[in-house]
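Now for the letters of each chain:
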Amino acid sequence: MAAMLQPQIILLKEGTDTSQGKAQVVSNINACTAVADAVRTTLGPRGMDKLIHDDKGNTTISNDGATIMKLLDIVHPAAKILVDIAKSQDSEVGDGTTTVVLLAGEFLKEAKPFIEDGVHPQNLIRSYRTASSLAINKIKELAVSIEGKSLEEKKSLLAKCAATTLSSKLIGGEKEFFASMVVDAVLAIGNDDRLNLIGIKKVPGGNMRDSFLVNGVAFKKTFSYAGFEQQPKKFVNPKILLLNIELELKSEKENAEIRLSDPLQYQSIVDAEWNIIYDKLDKCVKSGAKIVLSRLAIGDLATQYFADRDIFCAGRVTEEDLQRVAAATGGTVQTSVNNIIDEILGSCEVFEERQVGNERFNIFNGCPSGQTATIVLRGGADQFIDEAERSLHDAIMIVRRALKNSTIVPGGGAIDMELSRYLRQHARTIAGKSQLFINSYAKALEVIPRQLCDNAGFDSTDVLNKLRQKHASGEGANYGVDINTGGIADSFANFVWEPAVVKINAINAATEASCLILSVDETVKNPKSESAQGEAAASAMGRGRGGPAFRGRGGRGMRRR
Amino acid sequence: MALAFDEYGRPFIILKEQEQKARLRGLEAQKGNISAGKAVARILRTSLGPKGMDKMLQSPDGDVIVTNDGATILEQMDVDNQIAKLMVELSRSQDYEIGDGTTGVVVLAGALLEQAEKLLERGIHPIRIAEGYEMASRLAVDHLEHISQNFEFSVTNIEPLVQTCMTTLSSKIVNRCKRALAEIAVKAVLAVADLERKDVNLELIKVEGKVGGKLEDTELIYGIVVDKDMSHPQMPKRIEEAKIAILTCPFEPPKPKTKHKIDIDTVEKFQTLRQQEQKYFDDMVQKCKDVGATLVICQWGFDDEANHLLMHRNLPAVRWVGGVELELIAIATGGRIVPRFLDLTAEKLGKAGLVREKSFGTTKDRMLYIEHCANSRAVTIFIRGGNKMMIDETKRSLHDALCVARNLIRNNSIVYGGGSAELSCSISVEAAADKYPGVEQYAIRSFAEALDFIPMALAENCGLSPIDTVTAVKSQQIKENNPFYGIDCNDVGTNNMKEQNVFETLIGKQQQILLATQVVKMILKIDDVITPSAY
């Protein structure tokens, strides 16, 4: 474009696609809007799900913004930023992934006419940043703390938050049931940061209501050898020995070779091997443990030996499960059977092998240290359970977040409307262009209630006007969309609550992303491999956050790859 | 996927390989999904009920299966469409959880989808439909609880259990001798049931089949049948009061696991080695004899030399018995599995009243019966039948019956079959619908209509006029306020299912309704399908 008549200077490799200037900004905005449109319909309790096939023929049915964005496999460099913010929202707070994408898309959409009219993107960026920090301060101001309440009260408050998250998911019909389950699970692990202490086991079959929470650990019956069925399947207050060794008849040393010159010594070698394993087994039995678990195999010999002595054993327990058992029962995983003292044995109130659906489960209930919980999920189809798991993950994250930063805001679009009102009001006090930009930022925030209405099939303009009026009157700060009647209602009173941190993070991330996209005015596309280029471009843009500096060396920066 | 263009007419490439992806969205996606679901339901519709027909399925490698079991049909159909796969999984999860009613659940889901399609055409939001369905399903489940009856059974009075299993079996090809099979199933379950914990481990029931004989020859053996024969043809074929040594070690010289080599450099050494080997065999057999075993069952094989010795010492033996069977034998006979000869003691022997080898017809096949065991916690159902397909289908049918019996032990509530429970639910749901304000009312009413589909399919499969019959029965139910009227499929003369003794388990029925609703909700919630169009 630039080289009209001057002699052409070939700077980049042939076939490289460059585009720059205003057109590029607009084009990037369009791409982002297109992506935001893809997840638009999943927002809110009346949001729909997406069914996505991937190339390998796997199918996912999901309502979770981050999951959908990941599966869409987006290659457009600018649009990729949206995927990243959805991911970051997911890892940071776990919920609100659709919200963040939608907000970013809307901010950009609002910016587009200004860019087309020739406003410098940096002006927009500055105003957007101001607006976002104002909005965040306002959220902090509006948030209600749940600190200092009694445990019972806190529990029900947390359950409300979890229920709000779950209401948009497939398992929304049973949200109370799952919300209380999630809260119990999160409270069970206490302040420990290890999320993997909450196990989620999926068993196809049954219906959602058959899902249950085990206050301890549950895992599927492992592969067992003959003799297993003769072991007792229920213990009360057993001692549990956790091992990380093989209990099998095997060669002790890998590459050892024994040379015998006297055939009569043959038996002694055989005996020696048997003695080793019997010695190990004997030590296990002497420890007084009634349940022996090992991460490695427990062979048929050991199984029968234990069966003879009324001990339950399970080999090839997965690392994760074993860790959880260790945490729950207070035992320690041993790598040797020597010196087993009482302190390293775990215990629980009841151990039982129980039939769940088509599987048999080993369930450790009533564990003393109680720092783990296992949710056994049931459901009609694999995709169903997968989606339920994702939804529960969101809910668990939310509850944990709410537990730490115990402030909440009203959901259902109420907080967004209130922010929008506040920003509009603030904008009026500003002289200059910035007023317009902050106004448009405020307008963009309204996308959340608008989309909630659209997804529910209500007249969004009508509802939005009612909401604006209510919020403007000064006393309706908690009013949001009433999804059941198509009117407006006090979200706070209806227990539609979200942790404040979700909103703060969403607004922050969406603003950052849109500012980033606005600041890019040139993309250089290397012709070689499209997918590799997409990634390179995205990461290069990530680095070039500085804006103007990026413009100068954009081309070179790319080509280094 | 529709392409987006920027201001200069260049297309965006947003998704990877965008051009090759097909995308369906909005109402179109829902309609497409619904029709896929309905197609699956239509296939199964004719298999429902006592007069339902069977399907013949041929697998890619030529195996033929004839069955009437919904879960099996769908599994074998190998469907490709994702929504259809959901229906398959629906049926499978009913199979896992309840074991019976796998056809009914799919037919119900199909009916619900069909109703939903009509509502969608009227412009009702899919989620509202799904929510209405969910409310309705809860109403229906509560109503089922309300009309269910508890029935008492005990180990001595198994009649009610048998009746329920007969209902299950009546729709199968084996209904000729459903009475006999139902009794077998109930006795088998009771034998292994832990009535105190209400737990039944179906793994303790072994179902074995052999081609030949009649279906009537199917029997329940309080013990184990192993498809093996004595290791030596001259060993005794019948052992009474057998003491069984159950071994997991071969009749061979033991081998150390560590690599080893024996240096043989003189003739003498070779001789000793040879002698020692023989001594091993001798010792092993002697050890078995010493503890008083009269039968040896071994997981591994043994040398011909050992075999000869065993024969010589008059110790019958069976070799190559699988691990699972070995375990069942151990449980049944109260013996312990012994990993090496040194550990063999008299206490570890299992005891069985009678062990016999039985040959069938003119074939050379023989099977080993281990009966009258010390502990009859493991049983075998031995199926006979004209051909392999028949036996396979009988196995599946018996599995259903076993599951039903198990469910009744867990929860002894029943509802009446023949479509009566569905009709009764339909009536109560429809009545309750009027109380709900909002769009959901329509969905609830449609749910009630969908429930009518099951009796209708039943009537249709029996050759009755579906609408006439269903309406007649429905009005009868309302008039006499009796939820026991159903479709008289077998032309008995009365349509009171209580008199006909057609029972189904309450949990089975509830599960059907809940699962079908769940899957329908999932299907309705999808408004966007993205597929690589190469499919």
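Residues numbered from 1 in each chain as written. Chains lettered and ligands numbered in written order. Predicted model: local features only at pLDDT ≥ 70, side-chain atom pairs only at ≥ 80, totals over all residues. Heavy atoms only, no water.

**A few points about the overall build of chain B**
Phase 1: Across its full length, chain B carries 17 helices and 18 strands.
Phase 2: Radius of gyration (C-alpha) of chain B: 30 Å, far over the 24 Å computed for a compact globule of 535 residues.
Phase 3: Counting only C-alpha atoms, chain B reaches 95 × 75 × 40 Å along its principal axes.
Phase 4: Burial status across chain B gives 58% buried among its 535 residues.
Phase 5: Sequence-distant contacts in chain B: of pairs separated by 6 or more residues, those separated by 24 or more amount to 73%. (Helix = DSSP H or I, 4+ residues; strand = E, 2+ residues; numbered from the N terminus. Rg over C-alpha atoms; globule rule 2.2 N^0.38 Å. Buried < 20%, exposed > 50% of the residue type's maximum accessible area, 1.4 Å probe, protein only. Contact = heavy atoms within 4.5 Å.)

**Some points on unusual backbone geometry**
Phase 1: Phi angles above zero are rare outside glycine, and D310 of chain A is one such case at about 55°.
Phase 2: Relative to the helices and strands, D310 of chain A is located in the loop between α9 (300-308) and β12 (312-314).
Phase 3: Phi is positive for D78 of chain B, which is not a glycine, with a value near 55°.
Phase 4: You can see D78 of chain B is positioned in the loop between α2 (70-77) and α3 (82-97).

**Some points on the sheet that holds strand β7 (residues 216-220) of chain A**
All names here are of chain A.
Phase 1: Pairing within the open sheet is antiparallel, and its four strands lie in the order β7-β16-β15-β8. With one partner strand each, in any of the chains shown, β7 and β8 (234-236) form the two edges of the open sheet. On average, each strand axis in the sheet is tilted by 25° relative to the strand beside it, whichever way the strands run.
Phase 2: Sitting on the sheet, helix α10 (residues 319-329) touches β7 and β16 (359-365), and the angle it makes with β7 is about 155°. (Pairing = 2+ DSSP bridges. Axes fitted to C-alpha atoms, helices over the stretch in contact; angles between N-to-C directions.)

**A short note on empty space enclosed by the protein**
All names here are of chain B.
Phase 1: Throughout the structure, instances matching the rule amount to four cavities of 30 Å³ or more.
Phase 2: Counted as a void, the largest cavity has a volume near 90 Å³.
Phase 3: Lining the largest cavity we find Q94, I98, D100, G101, T164, T168, V404, E504, T505, G508, K509 and Q512.
Phase 4: Looking at the lining of the largest cavity, the elements that each hand over two or more residues are α6 (159-169), β17 (503-505) and α17 (506-525). (1 Å grid on protein atoms, 1.4 Å probe; cavity = no way out; pocket = protein on both sides within 12 Å on 5 of 7 lines; lining within 4 Å. Points joined across faces, edges and corners; volume = space filled by probe spheres on them.)

**Quick look at the pairing of strand β2 (residues 49-53) of chain A**
Phase 1: Within β2 of chain A, five of the five residues are buried, which leaves the element mostly enclosed by the surrounding structure.
Phase 2: Neither face of β2 of chain A is exposed, since D49, L51 and H53 of chain A on one face and K50 and I52 of chain A on the opposite face are all buried.
Phase 3: Sheet analysis places β2 of chain A next to strand β18 (residues 526-532) of chain B, joined by four bridges and oriented parallel. Within β18 of chain B, the position partnered with L51 of chain A by the bridge is V529 of chain B.
Phase 4: Here four bridges tie β2 of chain A to strand β3 (residues 59-62) of chain A, and the two strands are oriented antiparallel to one another. What sits directly across from I52 of chain A, in β3 of chain A, is T60 of chain A.

**A look at the nonpolar core**
All names here are of chain B.
Phase 1: Ranked by size, the top nonpolar core spans 113 residues in total, and within it M87, V106, I129 and F447 carry the most contacts.
Phase 2: The element best represented in this core is helix α4 (residues 102-121), accounting for 10 residues.
Phase 3: Setting aside its immediate chain neighbours within four residues, F447 contacts L112, Y133, A136, S137, A140, V429, I513 and T517.
Phase 4: By size, the runner-up hydrophobic cluster in this structure holds 94 residues, among which are A245, V291, I337 and L408. (Core = buried A, V, L, I, M, F, W, Y, C linked by side-chain atoms within 4.5 Å.)

**Focus: the confidence of the model for chain B**
Phase 1: Averaged over every residue, the pLDDT of chain B is 84; the share at 70 or more is 95%.
Phase 2: Model confidence for the complex: the whole-complex pTM is 0.82, and ipTM, which rates the interface, is 0.76. (pLDDT = per-residue confidence, 0-100.)

**With respect to the layout of surface pockets**
Phase 1: Approximately 1200 Å³ is the volume attributed to the second largest pocket.
Phase 2: Together, 41 residues line the second largest pocket, and W274 of chain A together with T248, C249, P250 and P339 of chain B are the ones closest to its centre.
Phase 3: The element that contributes the greatest number of residues to the lining of the second largest pocket is helix α8 (residues 267-291) of chain B, accounting for six residues.
Phase 4: Grouping the constituent residues of the lining of the second largest pocket by class yields 20 nonpolar, seven polar and 14 charged. (Nonpolar A, V, L, I, M, F, W, Y, C, P; charged D, E, K, R; others polar.)

**Re the packing of aromatic side chains**
Each aromatic ring pair is specified by the distance between its two centres and by the angle formed by the two planes.
Residue and element names in this part refer to chain A.
Phase 1: Counted according to the given criterion, the structure contains 21 aromatic pairs over all chains.
Phase 2: Here F114 and F437 contribute two aromatic rings whose centre-to-centre distance is 5.0 Å and whose plane-to-plane angle is 80°, an arrangement assigned as edge-to-face. Placement of F114 in helix α4 (residues 97-116) and of F437 in helix α13 (residues 434-445) is noted, with a sequence separation of 323 residues between them. Like F114, the residue F437 is buried in the burial classification.
Phase 3: Taking the ring centre of F495 as reference, the NZ or CZ of K160 above it sits at 3.9 Å.
Phase 4: One residue, R309, lies across the ring of Y305, its end atom 3.6 Å from the ring centre. (Phe/Tyr/Trp six-rings, centres within 6.5 Å; stacked < 30°, edge-to-face > 60°. Lys NZ or Arg CZ within 6 Å of the ring centre and 35° of its normal.)

**Considerations on the packing of α4 of chain B against helix α13 (residues 440-451) of chain B**
All names here are of chain B.
Phase 1: Where α4 meets α13, the closest approach of the two axes is 9 Å, and the angle between their N-to-C directions is 140°. The orientation of α4 with respect to α13, classified from their angle, is oblique. When the axes of α4 and α13 are compared, the crossing they make is right-handed. Contacts between α4 and α13 involve L108, A111, L112, Q115 and L119 on the former and, on the latter, Y442, A443, S446, F447, E449, A450 and L451.
Phase 2: Of the residues in the contact of α4 with α13, the class split is nine nonpolar, two polar and one charged. (Parallel < 35°, antiparallel > 145°, perpendicular 65-115°, else oblique. Left-handed = near helix turned anticlockwise from the far one by under 90°.)

**Quick word on the pattern of salt bridges**
Phase 1: A complete count under the given rule lists 63 salt bridges over all chains for this structure.
Phase 2: Across the pair D308 of chain A and K348 of chain B runs a salt bridge, and its minimum N-O distance is 3.0 Å. Here K348 of chain B lies in the loop between β12 (337-338) and β13 (350-359) and D308 of chain A lies in helix α9, a pairing that spans two chains.
Phase 3: We classify K348 of chain B as buried; its relative accessible area is 17%.
Phase 4: Among the ionic pairs, E75 of chain B bridges to R92 of chain B, the shortest N-O distance being 3.1 Å. A residue pair is termed long-range when its members are at least 10 positions apart, and E75 of chain B in helix α2 and R92 of chain B in helix α3 qualify at 17 residues.
Phase 5: Shared partners join several salt bridges into a network, and the residues in it are K201, E320, D321 and R324 of chain A. (Salt bridge = Lys/Arg side-chain N within 4 Å of Asp/Glu carboxyl O.)

**Considering the side chain of D69 of chain B**
Phase 1: When you line up the elements, D69 of chain B lands in the loop between β3 (64-67) and α2.
Phase 2: If we skip the residues at most four places from it in the chain, D69 of chain B touches T102, T103, K172, E393 and D400 of chain B.

**Examining the confidence of the model for chain A**
Residue and element names in this part refer to chain A.
Phase 1: Taken as a whole, chain A shows an average pLDDT of 81; of its residues, 88% reach a score of 70 or greater.
Phase 2: When mean pLDDT is taken per element in chain A, α13 scores highest with 92 and helix α18 (residues 548-559) scores lowest with 37.
Phase 3: The low-confidence segment residues 530-561, where pLDDT is below 50, has 38 contacts with residues more than four positions distant or belonging to other chains.

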